[in-house]
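Here's the letter readout for the chains.
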Amino acid sequence: MNRIFKKERDAASSFSFDFFFEKAVILLLAGAFLLFILYPIFTVVLKSLTKDGTWSLDHYRSLVTPRNLELIRNSVFVATLSSVIATVLAFCVGIFAHFKGVLVRKGIYRGLMMTMISPPFISAIALITLFGRRGLISYGIFGATLNPYGWHGIVLLQSLSGVSLSAMMMMTGFAQIDNRLILASRDLGADAWHTIHKVLLPSMVPTIFSVLFLQFTMNISDFTTPIIIGGRFRVLATEAYLQVYAQGNLNGAAAMAMLLLPPAMIAFYFYRSNMRKVQTLSERSKVLDRESIHFQLPQILQWVTASITIAFFLINLVQYGNIFLTAFSRNVSGSIVFTLDHWGVFQSRHVDALIRTIYMAVTASFFATVSGMLLSYYHQRRKIKGFGALEFIGSVPYIIPGIFFGLSYIVAFHRGPITLTGTLLILILNCTFRHVSVGNKAANAAFESMDHKLEWASNDLGASKVRTLITVVFPILRPTFLVSFINAFTACMTTVGPLMLLVSPGNLVTSVLMFNEINSGRYGQGAVMGSMLILITFSVNLFAIHLLNREKRN
């Protein structure tokens, strides 16, 4: 019967305004994904394989020099060490939170979200001002002169900055374990240690690998932290950035950026494998909830994981407190002198950049969320051919390192038919297509639980597909839109990697300005900008939580 109605509806809606409008939206969406994702990436690959207009592998051969091999070795060393430390710490936070009560678990999860609202390198302010050569704690209290610069500083900052996201992924992984396995293990006489060894750890292996490779990808492509705190210790991502910024060598930078792709692809493979397993286990895990199995961690493990969790939040508390303190003070011969000078400089020079940043983040987040949801609708709901491939293309910018995606926009849109360098539009487009995947994945999850009959009923009452999308589907997806928008907004406000290569003196944004100020040793100015980013992002997150709670009540 539905097929008969479908044929009648399709015949009635042919060649109407809605029909042509929808076709235009589909073509625009497909064209935008090909032009602003696939085309830039293709140009980088092409750039790395050509020299003076001819095919050549010279740029790859030039990478095989003692200096570049040292850069690769340095990159792999710090990225591996940082990733392993972050994964271990995140596992401890995740297992502690999972086996606590609902209130503690929710509190830890929200606390982890709050620790993600600032750029990773801003931790350098706290490290340098508290534990540097004239640090308030190291020198002011203990009289010690410590050197935070070098590989150990990079590892410390990258490890701490990676814990929040990794711990949230660990909590999700623990939540998907079938609790009946734990109950069966205990019923068969296994103690807590044996259950952890034989049930929990094997079940968490895909999540652990997913977290490990995700952290490795993020750390090996991070060039901001090594520039600020690395001193003379150089890594591959830093050199790729300098190839563009200082030497204008796009070909060489493209070849270096290509080396960052394999670990990103491996991370994506483990992530997809893990997500398939999570989807398989998600239904089984709901049969028995966590509170009903009465499983407690061994006392020693509980103390260790609790200590790590508390220490992590205390470090973040000190870090955020130090940022606000630095914004209102200056260090004069080891003593703190309170001042509003930093705010005066910010008000006179950088307010326009902050307004531009908010405008860019709101615009990019809106279009990224809407594009992601439309992509999901046409693929998951309407099953339109080709949108499966478009969905994969849409996820690529989220997989590849940020510096690679930023570089691809320079190569693609510096000259030629579409010239965008030096404009605010290139920043908005880069942020939009980098975060399309966030809205897409959230909408995919929402569509799985949405009843098809609502759309069929709307169509049977005479509404076109476009009208059904606007009046039925979008209102139901309003909470999903809000969550995706906030996630994208937070990422756009604090992102630095790709934007560092795309900004020009006329379109500077706050996160890039903050990086320049901290890198130049003007920590007070950097702290003011960091404070503003944190306060704005925090306020928007709180407002979103308020709206979501109101939606649930209604």
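Positions within a chain are numbered from 1, following the residues in the order the chain's sequence is written. Local features in this predicted model are restricted to residues of pLDDT 70 or higher, and side-chain atom pairs are both shown and tallied only at a pLDDT of 80 or more, whereas totals for entire chains, interfaces and linings draw on every residue. In computing side-chain values, all of the structure's heavy atoms are included and hydrogens and water are not.

Undergrad: Help me out: how do you make sense of the confidence of the model for the chain in this one?
TA: Regions with low pLDDT should not have their predicted coordinates read in detail. Summary statistics for the chain give a mean pLDDT of 83 and a share of 92% for residues scoring 70 or more. Within the chain, the lowest mean pLDDT, 51, falls on helix α1 (residues 2–13), and the highest, 93, falls on helix α19 (residues 424–434). pLDDT: the predictor's confidence for each residue, scored from 0 to 100. A helix here means a DSSP run of H or I that spans at least four residues, while a strand means a run of E at least two residues long, and both kinds are numbered starting from the N terminus.

Undergrad: Please explain the side chain of Thr480 as it appears in this structure.
TA: Relative to the helices and strands, Thr480 resides in helix α23 (residues 478–494). Residue contacts for Thr480: discarding those within four places in its chain leaves Ala442, Ala443 and Ala446. Only heavy atoms matter for contacts: two residues are in contact if any of them lie within 4.5 Å across the pair.

Undergrad: So what exactly am I meant to see when it comes to helix α7 (residues 151–175) here?
TA: What sets the pattern is the α-helix's 3.6 residues per turn: residues three or four places apart point alike. Given the number of residues in a helix, its expected span is that number minus one, multiplied by 1.5 Å. Look at α7: 35 Å from first C-alpha to last across 25 residues, which is about the 36 Å you get at 1.5 Å a residue. The largest bend in α7 is about 40°, located at Val163. Bend is the name given here to the angle between axes fitted to two runs of seven residues, the run ending at a residue and the run starting at it.

Undergrad: Explain a nonpolar patch on the surface here, please?
TA: Taken together, Phe328, Ile336, Phe338 and Leu340 make up a surface patch of nonpolar side chains, about 420 Å² in accessible area. Along the chain, Phe338 turns up in strand β4 (residues 335–338). The patches described consist of residues with a relative accessible area above 30% and no salt bridge, like charges being joined within 9 Å and nonpolar side chains (Val, Leu, Ile, Met, Phe, Trp, Tyr) within 5 Å. Method for areas: the Shrake-Rupley scheme with a 1.4 Å probe, in which residue coverage is limited to the protein chains shown. Within this document, salt bridges are pairs made up of a side-chain nitrogen of Lys or Arg and a carboxyl oxygen of Asp or Glu, the two lying within 4 Å of each other.

Undergrad: Explain the pattern of salt bridges here, please?
TA: As a working rule, side chains carrying opposite charge can pair if their charged atoms are close by. For the structure shown, the criterion picks out 8 salt bridges. Among the ionic pairs, Arg382 bridges to Glu22, the shortest N-O distance being 2.7 Å. With Arg382 in the loop between α16 (351–381) and α17 (387–399) and Glu22 in helix α2 (residues 17–48), the pair connects residues that are 360 residues apart, well separated along the chain. On the basis of relative accessible area, Arg382 is assigned to the partly exposed category, the value being 23%. Residue exposure (1.4 Å probe, protein chains only): buried if accessible area is under 20% of the type maximum, exposed if over 50%, otherwise partly exposed. Classification of Glu22 as buried rests on a relative accessible area of 8%. The structure contains a network of salt bridges with shared partners spanning Lys51, Asp58 and Arg61.

Undergrad: Got a minute to help me understand the nonpolar core in this structure?
TA: In globular proteins that are soluble, nonpolar side chains generally tend to be buried together. What we call a nonpolar core is a set of buried Ala, Val, Leu, Ile, Met, Phe, Trp, Tyr and Cys residues that are connected through their side-chain atoms within 4.5 Å. If you look at the biggest cluster of nonpolar residues, it comprises 119 residues, and the most contacted ones within it are Tyr378, Leu407, Tyr409 and Phe433. Not counting chain neighbours up to four residues away, the residues in contact with Tyr378 comprise Glu22, Val25, Ile26, Leu29, Lys383, Ile384, Phe387 and Leu469. In this structure, Val163, Met168, Phe174 and Leu301 belong to the second largest nonpolar core, which totals 30 residues.

Undergrad: I would appreciate a short explanation of the packing of α16 against helix α22 (residues 465–476) in the present structure.
TA: Two quantities define a packed helix pair, namely the angle between the axes and the distance from one axis to the other. To obtain each axis, a line is fitted to C-alpha atoms, and for helices this fit is confined to the stretch in contact; angles are then taken between N-to-C directions over 0 to 180 degrees. For the pair α16 and α22, the least separation of the axes is 13 Å and the interaxial angle reads 120°. Considering only the axes of α16 and α22, their crossing is right-handed. Contacts from Met373, Leu374, Tyr377 and Tyr378 in α16 reach Lys465, Leu469, Val473 and Phe474 in α22. Throughout, the ten residues Ala, Val, Leu, Ile, Met, Phe, Trp, Tyr, Cys and Pro are labelled nonpolar, Asp, Glu, Lys and Arg are labelled charged, and all others, Gly among them, are labelled polar. A breakdown of the residues in the contact of α16 with α22 according to their chemical character gives 7 nonpolar, no polar and 1 charged. Rotating anticlockwise by less than a right angle from the far helix to the near helix defines a left-handed crossing, while the corresponding clockwise rotation defines a right-handed one.

Undergrad: I keep staring at the packing of aromatic side chains and nothing clicks. Help me out?
TA: One pair of aromatic rings is described through two measures. These are the centre distance and the angle between the planes. Note on aromatic pairs: the rings of Phe, Tyr and Trp (six-membered ring only in Trp) are paired at centre separations within 6.5 Å, and the planes decide the class, stacked below 30 degrees, edge-to-face beyond 60, tilted for the rest. Evaluated as defined, the whole model comprises 19 aromatic pairs. The interplanar angle of 50° and the centroid separation of 5.6 Å between the aromatic rings of Tyr378 and Phe387 together place this pair among those described as tilted. Given a relative accessible area of 2%, Tyr378 falls into the buried group. Ring centres of Phe485 and Phe489 lie 6.2 Å apart, and the angle between their planes is 20°; on these two criteria the pair is classed as stacked. Placement of both Phe485 and Phe489 in helix α23 is noted, with a separation of 4 residues, approximately one turn of the helix. Of the residues examined, Phe489 reaches a relative accessible area of 2% and is grouped as buried. Each residue in the set Phe33, Phe36, Tyr39, Phe405, Tyr409, Phe413 and Phe433 is aromatic and connected to the rest through ring pairs, giving one cluster.

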